[in-house]
Amino acid sequence: MGSKEVFSAAIFGLLLLFCVGCRCLASEMEATQTATLKVDASPQCARKIPETLFGIFFEEINHAGAGGIWAELVSNRGFEAGGPHTPSNIDPWSIIGDDSSIFVATDRTSCFSRNIVALRMEVLCNDCPAGGVGVYNPGFWGMNIEEGKAYNLVMYVKSPETTDLTVSLASSNGLQNLASVTIRVSCTSNWTKLEHKLVAKGTHRTARLQITTNKKGVVWIDQVSLMPEDTYKGHGFRTELISMLLDLKPRFLRFPGGCFVEGDWLRNAFRWRESIGPWEERPGHFGDVWHYWTDDGLGYYEFLQLAEDLGAAPIWVFNNGISHNDEVDTAAIAPFVKDVLDSLEFARGSAYSTWGSVRAAMGHPEPFPVKHVAIGNEDCGKKFYRGNYLKFYYAIRQAYPDIQMISNCDGSSRPLDHPADLYDFHIYTDSKTLFNMRGTFDRTSRVGPKAFVSEYAVWSTDAGRGSLLASLAEAAFLTGLEKNSDIVHMASYAPLFVNDNDRTWNPDAIVFNSWQHYGTPSYWMQTLFRESSGAMIHPITVSSKYSGSLAASAITWQDSENSFLRVKAKSFVQVVNFGSDAVRLTISTSGLEASVNALGSTATVLTSGNVMDENSFSYPNKVAPVKSQLSHAAEQMQVTLAPHSFTVLDLALAQSRLVAEM
């Protein structure tokens, strides 16, 4: 290259740098947008949000219950998962030894008539290997066994000869013994129930349960259960996962699904009466929508108990004679209607009623307060839905006039053609679409049934395994539900749980394995709405050329000591304007009797360095709310909203009352 070309290139470079510099300067000048948020906190303009607005929805999906919140450590504890025909697959049980030392198969010899399959273990060796031969169960991708903790073992056995069985907790390869007990099985043709407590002398996160013997002969085994002693309130729930739910302060619990209620085929739908009574007698079933077996230890009774433990109203979603692939004609639906009436008597009937007495025998003589039922799940378009729905509706209305009934048909854009107290609204979409749906119910008729947004989530390529971006769109959507809570009475995120070993559906609110757990950004987002149910919502006005990328709401509520004004402001950039600008937000309030008390006021911000950031077992709090103290004490204040953030201002008032009682 010659000198002339070099000189020209240098001049061009300087001009380019000058242009780039100008752009950078302009960018810096525009990097912070401005906006004004006006809040009218006067009592005459306020409206009470329903007490039930935000709750949770539990579905048996992603091993959320079996291998999840239900603390049972043994998978396929009754050997029923392989089906009623024998011999059958005993997965995940495996043998200890080889085919020259042990022969294992299922047969139909159980003492439990509703789950007749049992395991027949024939020991072939006279001189068995050290440690014996037998079977082991790894649980749900390994059992979390912790040193010093107790585990309650229950199993049923029989043998034609007296023999000794060693039941032990061992490491995943069987080499480390964590706890063991040797049990003498007497010569008998009858089944014997064995109960023992195993106390772990070591910790192993992916342990297994082993049943071994050194004596030649035959032993039958059935209904093998291993439960941690320290379940939540002794009710069988995994304590640390229930703690995550308690932190949400849910006002209702919708259960048990979801598609789990329907089944791909009716023969595999959830049947409430087969999920109650002694756990040993529950047949279990294959959930053919999500493709795994559940022994229904977490059954109808346990769901009602969980709602009570959480202080949440139970919402029972029942099958209305419709699955994904088959339906019951309305002319033949009467037995299904009676079945549901029986389920309500089980929950609400006196301890002396036919089904209420069954509940009482299970340990809960007082009725459960079931006041909401959903007639089916996502079945509105099915051929027999409306006919079946009306049969259930009128039967339940006659027997239980106070129960609120939920239709599967969406009434947000046009009136329903059948009676209902509430209607279901489900939305899974990308983040931009959900953000723009914050005004979905603005134009919904205020006459007629109320809305139950029972399943919402960002679910698309920008959701990842639970991104910040997804949580921000969801937060914006919820501010719209608060604004429209005169017509929207309940809302819940879905799905709630995912076992990291069975990510059938992504994303989810809470991720766990046998011993770890964390909340996704969507979980943390929901914790920032936990005071909304039952609060007062106030009119707001947002003024800014940037207001199309903001979503906000303002609520007041009272705790036992203080009154609060909470302004929830959302700086959210849509995909076309993705995550670039901070916003200097000026907030002014009117209608407050007292000024803001700076000493009790805080700002909580949910954000991260990258809008696609996620949490993980390694970094469980990478995207989590961060709280800081405010230093403002005036009716007008300024805050800077970070790019891609959800900011919650908890503004404590100087006095304990608002302008008027609420």
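So, a few notes on the structure that sits alongside this text. As the structure is a prediction and not an experimental result, all values here were calculated from the model. (Residues numbered from 1 in each chain as written. Predicted model: local features only at pLDDT ≥ 70, side-chain atom pairs only at ≥ 80, totals over all residues. Heavy atoms only, no water.)

Examining the pattern of salt bridges
- Summed over all chains, the structure comprises 27 salt bridges.
- In this structure, E229 engages K197 in a salt bridge whose closest nitrogen and oxygen atoms are separated by 2.8 Å. Pair noted here: E229 is in the loop between β14 (217-228) and α2 (239-246) and K197 is in strand β12 (residues 188-199), with a separation of 32 residues, a long-range link.
- For the salt bridge of D339 with R273, the shortest nitrogen-to-oxygen distance reads 2.8 Å. Placement of D339 in helix α5 (residues 334-348) and of R273 in the loop between α3 (259-262) and β16 (285-287) is noted, with a sequence separation of 66 residues between them.
- According to the relative accessible area criterion, D339 is partly exposed, its value standing at 24%.
- Within this structure, E146, K149, R205 and D230 form a network of salt bridges that share partners. (Salt bridge = Lys/Arg side-chain N within 4 Å of Asp/Glu carboxyl O. Helix = DSSP H or I, 4+ residues; strand = E, 2+ residues; numbered from the N terminus. Buried < 20%, exposed > 50% of the residue type's maximum accessible area, 1.4 Å probe, protein only.)

Quick notes on the state of the cysteines
- Inspection of every chain in the model, using the stated rule, returns two disulfides.
- Disulfide pairing is shown between C125 and C128; the S-S distance is 2.0 Å. Judged by the sign of its S-S torsion, about 90 degrees, the bond between C125 and C128 is right-handed. Each member of the pair, C125 as well as C128, is classed as buried.
- What pairs with C380 in a disulfide is C409, and their sulfur atoms sit 2.1 Å apart. Disulfide C380 to C409: torsion about the S-S bond roughly 100 degrees, handedness right-handed. Pair noted here: C380 is in the loop between β19 (372-375) and α7 (385-399) and C409 is in the loop between β20 (404-407) and β21 (422-429), with a separation of 29 residues, a long-range link. Of the two residues, C380 and C409, neither departs from the other in class, the shared state being buried.
- If you count the bonded cysteines of the chain from the N-terminus, they pair up as 1-2, 3-4. (Disulfide = S-S within 2.5 Å.)

Thoughts on the packing of aromatic side chains
- In the structure shown here, the tally under the stated rule is 34 aromatic pairs.
- Ring geometry for F255 and Y300: centres 6.4 Å apart, planes at 45 degrees, overall tilted. One end of the pair, F255, is in strand β15 (residues 252-255); the other, Y300, is in helix α4 (residues 300-310), and 45 residues separate them in sequence.
- For F255, a relative accessible area of 0% corresponds to the buried category.
- Ring centres of Y300 and F346 lie 5.6 Å apart, and the angle between their planes is 40 degrees; this geometry places the pair in the tilted category. With Y300 in helix α4 and F346 in helix α5, this pair connects stretches of sequence that are 46 residues apart. Judged on exposure class, the residue Y300 and its partner F346 are both buried.
- Sitting above the plane of the Y136 ring, R208 keeps its charged end 3.7 Å from the centroid. (Phe/Tyr/Trp six-rings, centres within 6.5 Å; stacked < 30°, edge-to-face > 60°. Lys NZ or Arg CZ within 6 Å of the ring centre and 35° of its normal.)

A look at the sheet that holds β21
- Across the sheet, eight strands lie side by side as β3-β15-β18-β19-β20-β21-β22-β23; this open sheet has parallel pairing. Among the strands making up the open sheet, the edge pair consists of β3 (56-57) and β23 (488-493).
- Two elements, strand β22 (residues 450-458) and β23, share four bridges in a ladder whose sense is parallel. Residue pairing for β23: V453 is matched across the bridge by A491.
- Across the sheet, α4 lies against β3, β15 and β18 (313-318), angled at about 165 degrees from β15, the strand it touches most. (Pairing = 2+ DSSP bridges. Contact = heavy atoms within 4.5 Å. Axes fitted to C-alpha atoms, helices over the stretch in contact; angles between N-to-C directions.)

Looking at unusual backbone geometry
- Between D91 and P92 the backbone carries a cis peptide bond, its omega angle lying at 10 degrees.
- Examined against the element boundaries, P92 turns out to sit in the loop between β3 and β4 (94-96).
- Residue G258 is bonded to the preceding G257 through a cis peptide linkage, with omega at 15 degrees.
- Inspection of the secondary structure puts G258 in the loop between β15 and α3.
- Backbone geometry at H291 places phi at a positive 65 degrees, although glycine is not the residue there.

Brief notes about helix α9 (residues 468-483)
- Relative to the 22 Å expected for 16 residues at 1.5 Å per residue, α9 spans 23 Å between its end C-alpha atoms, a close match to the ideal helical length.
- Burial analysis of α9 places 15 of its 16 residues in the buried class, the great majority of the element. (Expected span 1.5 Å × (residues − 1).)

Notes on the sheet that holds strand β5 (residues 102-107)
- With respect to topology, five strands assemble into an open sheet ordered β5-β6-β14-β9-β12, the strand pairing being antiparallel. Looking at the sheet topology across the chains shown, the edges are occupied by β5 and β12. Averaged over neighbouring strand pairs, the angle between their axes works out to 25 degrees when direction is ignored.
- Where β5 and strand β6 (residues 118-123) come together, six bridges link them in antiparallel fashion.

Here we look at the packing of α5 against α7
- Following both chains from N to C, one finds α5 and α7 inclined at 35 degrees, their axes separated by 10 Å at the closest point. Like other packed secondary-structure pairs, α5 and α7 cross with a definite hand, here right-handed. Across the interface between the two elements, F336, V337, V340, L341 and L344 from α5 touch K391, F392, A395, I396 and A399 from α7. (Left-handed = near helix turned anticlockwise from the far one by under 90°.)

Re the environment of D417
- Here D417 lies in the loop between β20 and β21.
- On the accessibility criterion, D417 (58% relative accessible area) is exposed.
- Of note is the side chain of D417, whose polar atom sits 3.0 Å from the side chain of R386.
- Of the polar contacts made by the side chain of D417, one reaches the side chain of H418; its length is 2.8 Å. (Polar contact = N/O pair within 3.5 Å; in protein donor to acceptor, adjacent residues only side chain to side chain.)

Some points on the side chain of S522
- The residue S522 is located in helix α10 (residues 521-527) in this model.
- For S522, the contacting residues outside a window of four places in its chain are A470, S471, E474 and Y493.

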